[in-house]
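Secondary and tertiary structure notes
The residues making up each chain are set out below.
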Amino acid sequence: MAQLLYKSTRNDKNVVTASQAILQGLADDGGLYVPIEQPTISLDFSELQHFTYQEVAYKILAAYYTDFTEQELKTCIANAYNEKFESAEIVPLKEVGEDHYLELFHGPTIAFKDLALSILPHLMTTAAKKNKVANELVILTATSGDTGKAAMAGFADVPGTSIIVFYPKDGVSKIQERQMRTQRGENTYVVAVDGNFDDAQTKVKELFNDQALRQELANQNKQFSSANSINIGRLIPQVVYYVYTYAQLVKKAAIKEGEKINIAVPTGNFGNILAAHYAKLLGVPINQLICASNTNNVLTDFFATGVYDRNRPFFVTSSPSMDILISSNLERLIFEASGKQVEVTKQLMNELATKGTYQVYPDMKEQFADFYAGFATLEQTNMAIHQEFDRYRYVLDPHTAVAKAVADRYKKETKDQQTKMVIVSTASPYKFPEVVVHALDDSITAKNEFDWITQLYEQTSLPIPTAVSELYQLPIRHTREIAVGHMRNCVKEILSIE
Ligand SMILES: *Cc1c(COP(=O)(O)O)cnc(C)c1O
């Protein structure tokens, strides 16, 4: 197969191999690496329906990561998708009423980021060897709740790596906070930041581009890398489950081979839905991609008007992993819609950085026809949880409920009732037990987070995942709390840089 190279969305001359792109995360010109062309592979679903998850993963990763050997990819896949997942299928598909839910929460941290973050450390350390990098890889990441934990679970005690996670102090759930603060691994560091997710993420990006800091790290044989969803080492493994799911729908005879489906994705940083878009470009028959937001609805407005405007109030909602005003991965779609023009992308992203807003050119907006965007309020989210349980005894987490609410609005508005709808289910309800119990019955009270878990079990009989049941036995290992302005110093202190 011909070598597939990647280039930065902001510089035509910044061209790298897949393994180099994985190692670097963000390009040093501030851009994101994109495949120069989408690979051309044949997706024969009469054959693919008999593939295991791991076999589909190999087919897709081999198409994108052409400088990895077959043996390397198969080892990475075997290390990632194994008993760490509580389901042998890895991503079970549940038929509920007229919809299908793609359950991406059976991994070690019971949220969808496990799918990418369980393989990323293996891709990265393989990429380091391939590129003769002897430096220790320092993973620096900002999290809106789930990424941080999933990244630490992936990187904990992986030789040659360490990981520092920043999370917004009041922007994550109690369970998420406890999951992070109990993280094992001598190479893991967790820091609560006095600010919201965007503050932390903006600062992390600054640290990545801080040449002086990079030099200080290099002097100590260390270098930064990113586990955030901008890394193509995360994006591409997410393409896998869309291909696998389509194959499973064919296998179950829920659709005929070639029949188009809709996919509704609860969206924050635009990584998961971009992976679905890549799956469509690869040849998965997809009609509409439904981009679902909570009241931080910057993407809903963007797709409606072509204007991206982050200058708006920030809301802490019941779906905190989507409380995001800057959806980083959108840059890749902007780049594509511009006809792959780095100057246009750079200009718009500079406007975003300086003014907090930009408007795409009219011909770019036409490229977004595959996307339908909408948002759900807190009330609508709770209603979705309530109704789905009432009707089908199926329990939604608040993120998935946002997608369900928007998917229903799509059907009503467009009258597209016949296309099969796959709703992407991104977290276990046990990650947000208080929200879910309240949505089911707002008269229930509980004393603490543990009580809410018990209540959720009593209300629904949904089995409690191991990741939750063990949580209250583990000791708190991380207690750092700092102001956003101190993040740079904090990194230096952790890494013992004077
Ligand atoms: C991260 C996350 C999302 C948003 O995914 P993006 O790829 O950032 O759009 C949605 N739901 C949950 C539970 C998440 O953890």
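Values in this document were obtained by computation on a predicted structure and should not be read as measured data. (Residues numbered from 1 in each chain as written. Predicted model: local features only at pLDDT ≥ 70, side-chain atom pairs only at ≥ 80, totals over all residues. Heavy atoms only, no water.)

Once that is clear, we can look at a nonpolar patch on the surface. A cluster of nonpolar residues, Leu5, Val15 and Ile36, forms a patch on the protein surface that exposes about 190 Å² of accessible area. Mapped onto the fold, Ile36 is located in the loop between strand E3 (33–35) and helix H2 (45–48). (Patch = residues over 30% accessible without salt bridge, like charges linked within 9 Å, V, L, I, M, F, W, Y side chains within 5 Å. Areas by Shrake-Rupley, 256 points an atom, 1.4 Å probe, with all protein chains shown as cover. Salt bridge = Lys/Arg side-chain N within 4 Å of Asp/Glu carboxyl O. Helix = DSSP H or I, 4+ residues; strand = E, 2+ residues; numbered from the N terminus.)

Take empty space enclosed by the protein next. What the rule picks out here adds up to five cavities of 30 Å³ or more. Considered as a void within the structure, the largest cavity measures approximately 270 Å³ in volume. Along the wall of the largest cavity there are 26 residues; nearest its centre are Phe112, Lys113, Gly268, Asn269 and Ser321. Sorting the residues of the lining of the largest cavity by element identifies helix H7 (146–155), helix H11 (232–251) and helix H12 (271–282) as the ones contributing at least two each. The element best represented in the lining of the largest cavity is H12, accounting for three residues. Considering only residue class, the lining of the largest cavity consists of nine nonpolar, 14 polar and three charged. Taken as a whole, the second largest cavity encloses approximately 60 Å³ of empty space. Along its surface, the second largest cavity is lined by Gln201, Val204, Lys205, Phe208, Ser226, Asn228, Ser229, Ile230, Asn269 and Ser328. Counted by class, the lining of the second largest cavity contains three nonpolar, six polar and one charged residues. (1 Å grid on protein atoms, 1.4 Å probe; cavity = no way out; pocket = protein on both sides within 12 Å on 5 of 7 lines; lining within 4 Å. Points joined across faces, edges and corners; volume = space filled by probe spheres on them. Nonpolar A, V, L, I, M, F, W, Y, C, P; charged D, E, K, R; others polar.)

The next point concerns the nonpolar core. In this structure, Ile60, Tyr65 and Phe303 are the most contacted members of the largest nonpolar core, which totals 112 residues. The biggest single contributor to this core is H11, with 13 residues. Leave out the neighbours within four places in its chain, and Tyr65 touches Tyr6, Ala18, Ile22, Leu73, Leu123, Ile232, Gly233, Ile236 and Pro237. Formed by 37 residues, the second largest nonpolar core is a distinct cluster that contains Tyr101, Ala407, Ile423 and Val437. (Core = buried A, V, L, I, M, F, W, Y, C linked by side-chain atoms within 4.5 Å. Buried < 20%, exposed > 50% of the residue type's maximum accessible area, 1.4 Å probe, protein only. Contact = heavy atoms within 4.5 Å.)

Okay, the environment of Tyr358 next. By the element assignment, Tyr358 lies in strand E13 (residues 357–359). The residues contacting Tyr358, other than those within four sequence positions of it, are Phe302, Gly306, Val307, Tyr308, Leu330, Ile334, Leu348, Met349, Glu351 and Leu352.

This part covers the sheet that holds strand E15 (residues 420–425). Read across the open sheet, the six strands follow the order E4-E5-E15-E10-E11-E14; overall the sheet is mixed. What marks the edges here is a single partner per strand, and that holds for strand E4 (93–96) and strand E14 (371–375). The mean inter-strand angle of the sheet, taken between neighbouring strand axes irrespective of direction, is 25°. The pairing of strand E10 (residues 261–266) with E15 spans four bridges and is parallel. For Ala264, the partnering residue across the bridge sits in E15 and is Ile423. (Pairing = 2+ DSSP bridges. Axes fitted to C-alpha atoms, helices over the stretch in contact; angles between N-to-C directions.)

Those places that UniProt annotates as "domain: Threonine synthase N-terminal" (unreviewed entry) correspond, in this numbering, to residues 6–81. Note that residues 6–81 is 45% helix and 16% strand, and that its end C-alpha atoms are spaced 26 Å apart. (UniProt positions renumbered as here; feature names shortened; annotations may be inferred.)

Near the ligand lie 15 residues; those nearest to it are Lys113, Asp146, Gly268, Asn269 and Thr426. At 3.4 Å from an oxygen atom of the ligand is found a side-chain nitrogen or oxygen belonging to Ser321. Thr426 has a polar side-chain atom sitting 2.8 Å from a nitrogen atom of the ligand. Expressed as a share of its isolated accessible area of 380 Å², the protein-covered part of the ligand is 98%. When atom positions are compared with the pocket grids, the ligand is found to occupy the largest cavity. Residues of the shell around the ligand, tallied by class, amount to five nonpolar, eight polar and two charged. (Near = heavy atom within 4 Å. Polar contact = N/O pair within 3.5 Å; in protein donor to acceptor, adjacent residues only side chain to side chain. Sits in = over half its atoms within 2 Å of the grid points.)

Next up on the list: the sheet that holds strand E2 (residues 11–16). Reading across from one edge, E2-E1-E3 is the order of the three strands in this open sheet, with antiparallel pairing throughout. Looking at which strands have only one partner, the edges of the open sheet turn out to be E2 and E3. The sheet shows a mean angle of 40° between the axes of neighbouring strands, direction not considered.

Attention shifts here to the environment of Ile110. Within the fold, Ile110 resides in the loop between strand E5 (99–103) and helix H5 (113–117). Non-local contacts of Ile110, meaning those with residues more than four positions away in its chain, are made with Phe105, Gln179, Ala427, Ser428, Tyr430, Lys431, Pro465, Ala467 and Val468.

Tallied over the entire structure, the rule returns 20 aromatic pairs. Plain terms: the ring middles of Phe303 and Phe371 are 5.2 Å apart, the flat faces sit at 15° to each other, and that makes the pair stacked. With Phe303 in helix H13 (residues 298–305) and Phe371 in strand E14, the pair connects residues that are 68 residues apart, well separated along the chain. What makes Phe371 buried here is its relative accessible area of 7%. A ring pair is formed by Tyr372 and Tyr410, whose centres lie 5.0 Å apart and whose planes are at 80°; its orientation type is edge-to-face. (Phe/Tyr/Trp six-rings, centres within 6.5 Å; stacked < 30°, edge-to-face > 60°.)

Where helix H19 (residues 433–440) contacts helix H20 (residues 449–460), the two axes come as close as 9 Å, and the packing angle between them is 40°. Regarding the angle of H19 to H20, the classification is oblique. As for the relative orientation of H19 and H20, their crossing is left-handed in sense. For the pair H19 and H20, contact is made by Pro433, Glu434, Val436, Val437, His438 and Leu440 and by Trp452, Ile453, Gln455, Leu456, Gln459 and Thr460, respectively. When the residues that make up the contact of H19 with H20 are grouped by side-chain class, the tally is seven nonpolar, four polar and one charged. (Parallel < 35°, antiparallel > 145°, perpendicular 65-115°, else oblique. Left-handed = near helix turned anticlockwise from the far one by under 90°.)

Turning next to the pairing of E2. Both strand E1 (residues 6–8) and E2 contribute to a ladder of three bridges, which runs antiparallel. Its bridge partner being in E2, Ser8 is matched across the sheet by Asn11. Counted between consecutive antiparallel strands, the loop separating E1 from E2 contains two residues.

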